[in-house]
Amino acid sequence: MLVFRKEKLVFLAIPKTGTTALEGALAPRASIVIREPAVLKHTSYRRFQRFILPFMDATELEAMDVMAVVRHPVDWLSSWFRYRCRDKLIGHPNSTREVSFDEFVLEYCKPKPAPFADVGSQAGLLLDIDGKMAANRLFRYEAQETITEFLQDRFGTYPEPKRLNISPTFKTNISPDVLDKLKEIRKSEFDAWHSATD
């Protein structure tokens, strides 16, 4: 998470959406930088309201935009699946090496997924304490040009982000019935992506 007081922007870091690269480019200009541990780096807006906002001027926050990047849910899950398929994780409970992508998605759909599919929720990170969407500057991961234009407009000069924390590249396939189940059970993930700027 990054807070830019001068530029009037709160940046929520959604995992597996290129936020590590964006943070690397923007952190030197931020007033507040939360990088570690990962649970704090990827803190929800709700936690921001409870633990960070009390240290800020409420009238100052009213003028701030809340920015986040979301990825298409299937692509987002594919990135997680591929990331957890790395050799480094073989034998670890988070490893996806021994399951198919369909099995991973079906496990993710459970109320309490096994560790390998427990990757949280993009949509859940965007809600305020009343359950309302907090991000008023929500961009699709697939719209990198639009994200760059917004940041250049907000910051003036904007350094090109370096690609970091990249998942291994290989094709993942989802069967139609599994996709239907994902859309039904994790509807909020698709709603968030559909509401984002493309």
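Before reading on, note that the structure itself is shown above.
Residues numbered from 1 in each chain as written. Predicted model: local features only at pLDDT ≥ 70, side-chain atom pairs only at ≥ 80, totals over all residues. Heavy atoms only, no water.

## Topic: the pairing of strand 4 (residues 65-70)
Line of reasoning, step 1. Most of strand 4 is tucked away, with six of its six residues classed as buried.
Line of reasoning, step 2. Here strand 4 shows two buried faces, one formed by Asp 65, Met 67 and Val 69 and the other by Val 66, Ala 68 and Val 70.
Line of reasoning, step 3. One ladder, built from three bridges, connects strand 2 (residues 9-11) with strand 4; its direction is parallel. In the sheet register, Phe 11 faces strand 4, and the bridge partner there is Met 67.
Line of reasoning, step 4. Pairing geometry for strand 4 and strand 5 (residues 137-140), over four bridges, is parallel. Across the sheet, residue Ala 68 finds its bridge partner in strand 5, namely Leu 138. (Buried < 20%, exposed > 50% of the residue type's maximum accessible area, 1.4 Å probe, protein only. Helix = DSSP H or I, 4+ residues; strand = E, 2+ residues; numbered from the N terminus. Pairing = 2+ DSSP bridges.)

## A word on the packing of aromatic side chains
Each aromatic ring pair is characterised by the separation of its centres together with the angle its planes make.
Line of reasoning, step 1. The final tally for this structure, using the stated rule, is 11 aromatic pairs.
Line of reasoning, step 2. For the ring pair Trp 76 and Tyr 108, a centre distance of 6.2 Å and an interplane angle of 70° mean the geometry is edge-to-face. Residue Trp 76 is located in helix 5 (residues 73-83), and its partner Tyr 108 is located in helix 6 (residues 101-108); the two are separated by 32 residues in the primary sequence. With respect to burial, Trp 76 and Tyr 108 carry one shared label: buried.
Line of reasoning, step 3. Both rings, one in Phe 139 and one in Phe 150, keep their centres 5.1 Å apart while their planes meet at 45°; by these two values the pair is tilted. (Phe/Tyr/Trp six-rings, centres within 6.5 Å; stacked < 30°, edge-to-face > 60°.)

## Section: the nonpolar core
Line of reasoning, step 1. In this structure, Val 10, Leu 12, Phe 48 and Leu 126 are the most contacted members of the largest nonpolar core, which totals 24 residues.
Line of reasoning, step 2. Looking at this core, the elements with two or more residues in it are helix 3 (45-52), strand 4, helix 7 (122-125) and helix 10 (187-195).
Line of reasoning, step 3. Counting 17 residues, the second largest nonpolar core, distinct from the first, contains Phe 11, Ala 25, Met 67 and Val 69. (Core = buried A, V, L, I, M, F, W, Y, C linked by side-chain atoms within 4.5 Å.)

## Considerations on helix 1 (residues 19-26)
Line of reasoning, step 1. The buried count for helix 1 comes to six of eight residues, which makes it a mostly enclosed element.
Line of reasoning, step 2. Of the residues making up helix 1, those classed as buried are Thr 19, Ala 21, Leu 22, Glu 23, Ala 25 and Leu 26.
Line of reasoning, step 3. Buried positions along helix 1 lie against strand 1 (2-4), strand 2, helix 2 (38-41), strand 4 and helix 8 (144-155). (Contact = heavy atoms within 4.5 Å.)

## Considerations on the side chain of Arg 140
Line of reasoning, step 1. By secondary structure assignment, the location of Arg 140 is in strand 5.
Line of reasoning, step 2. The class for Arg 140 is buried, based on a relative accessible area of 13%.
Line of reasoning, step 3. In this structure the side chain of Arg 140 is engaged in a polar contact, spanning 3.0 Å, whose partner is the backbone oxygen of Trp 193.
Line of reasoning, step 4. A distance of 3.5 Å separates the side chain of Arg 140 from the backbone oxygen of His 194, its partner in a polar contact. (Polar contact = N/O pair within 3.5 Å; in protein donor to acceptor, adjacent residues only side chain to side chain.)

## Considerations on the pattern of salt bridges
Line of reasoning, step 1. In this structure the tally under the stated criterion is eight salt bridges.
Line of reasoning, step 2. Here Asp 65 and Arg 137 are joined by a salt bridge, their closest N and O atoms 3.5 Å apart. With Asp 65 in strand 4 and Arg 137 in strand 5, this pair connects stretches of sequence that are 72 residues apart.
Line of reasoning, step 3. Judged by its relative accessible area of 13%, Asp 65 falls in the buried class.
Line of reasoning, step 4. With relative accessibility at 33%, the residue Arg 137 sits in the partly exposed group.
Line of reasoning, step 5. With a shortest N-O distance of 2.5 Å, Asp 65 and Arg 154 are connected by a salt bridge. Residue Asp 65 is found in strand 4, and its partner Arg 154 is found in helix 8; the two are separated by 89 residues along the sequence.
Line of reasoning, step 6. Through salt bridges with shared partners, a single network forms among Asp 65, Arg 137 and Arg 154. (Salt bridge = Lys/Arg side-chain N within 4 Å of Asp/Glu carboxyl O.)

## Side note on the environment of Ala 134
Line of reasoning, step 1. With respect to the helices and strands, Ala 134 occurs in the loop between helix 7 and strand 5.
Line of reasoning, step 2. A residue is classified by how much of its surface remains accessible, and Ala 134, at 15% relative accessible area, is buried.
Line of reasoning, step 3. When the C-alpha positions of Ala 134 and Met 67 are compared, they lie 8.8 Å apart, and in sequence the two are 67 residues distant.

## Things to note about unusual backbone geometry
Line of reasoning, step 1. Residues other than glycine seldom take positive phi values, yet Lys 8 does so here, at roughly 55°.
Line of reasoning, step 2. Within the secondary structure, Lys 8 sits in the loop between strand 1 and strand 2.

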